[in-house]
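Tertiary structure, described
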Amino acid sequence: QVQLVESGGGLVQAGGSLKLSCAASGRGFSSYAMGWFRQATGKEREFVATISWNGGNTYYTDSVKGRFTISRDNAKNTVYLQMNSLKPEDTAVYYCASRLTGLPRPTRDDYYYWGQGTQVIVSS
């Protein structure tokens, strides 16, 4: 069982930065690939970024490439999402999720544990 708690969301102006954190408790975090997803009002939850169990492989959706960076610290049981050059279209609730294997995947159905989400609002 893994529990995930996101933090770091907030209100920021376009062009600004935020760093989201996802703290995991329970067993197995260091063995699992992790992902960030987001859901804007009235839209489906979409993939943002994923990272392998050891941080060696990362993947991003095209719209955030070059702006967002996913990373993890297995000693702290935490995964991060550094978001730079934020745009109003990045406004959404951001969710952290965990797979049950170490391989990263961009598909929502491949993730088993989910956090409650943290709101990010980017003003123009």
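Residues numbered from 1 in each chain as written. Predicted model: local features only at pLDDT ≥ 70, side-chain atom pairs only at ≥ 80, totals over all residues. Heavy atoms only, no water.

**Section: the overall build of the chain**
Helices and strands together make up the secondary structure of the chain, namely zero helices and 11 strands. In the chain, the succession of helices and strands from N to C terminus is β-β-β-β-β-β-β-β-β-β-β. Since a compact globule built from 124 residues should have a radius of gyration of about 14 Å, the 13 Å found for the chain is in line with a globular shape. With the C-alpha coordinates of the chain rotated into their principal frame, the extents come out at 40 × 25 × 25 Å. Taken over 124 residues, the chain has a buried fraction of 43%. Within the chain, residue pairs in contact and separated by at least 24 positions form 59% of the contacts whose partners lie at least 6 positions apart. Side chains of the chain carry 13 positive and 9 negative charges; the gap between the two charge centres is 5 Å. (Helix = DSSP H or I, 4+ residues; strand = E, 2+ residues; numbered from the N terminus. Rg over C-alpha atoms; globule rule 2.2 N^0.38 Å. Buried < 20%, exposed > 50% of the residue type's maximum accessible area, 1.4 Å probe, protein only. Contact = heavy atoms within 4.5 Å. Lys, Arg positive; Asp, Glu negative; His and termini not counted. Charge placed at Lys NZ, Arg CZ, Asp CG, Glu CD.)

**Let's talk about the pairing of strand β11 (residues 118–123)**
With burial as the criterion, only one face of β11 is covered, namely that bearing T118, V120 and V122; the residues Q119, I121 and S123 on the opposite face remain uncovered. With three bridges joining them, strand β9 (residues 92–98) and β11 adopt antiparallel strand pairing. Paired with Y94 across the two strands is T118, which belongs to β11. (Pairing = 2+ DSSP bridges.)

**Focus: the sheet that holds strand β8 (residues 78–83)**
If you trace the four strands from one edge of the open sheet to the other, you get β1-β3-β8-β7, paired in antiparallel fashion. Each edge of the sheet is formed by a strand with only one pairing partner; in this case those strands are β1 (2–7) and β7 (68–73). The average angle at which neighbouring strand axes cross in this sheet is 15°, direction not considered. For strand β3 (residues 18–26) and β8, the ladder comprises six bridges, and the chain directions are antiparallel. Its bridge partner being in β8, L18 is matched across the sheet by M83. (Axes fitted to C-alpha atoms, helices over the stretch in contact; angles between N-to-C directions.)

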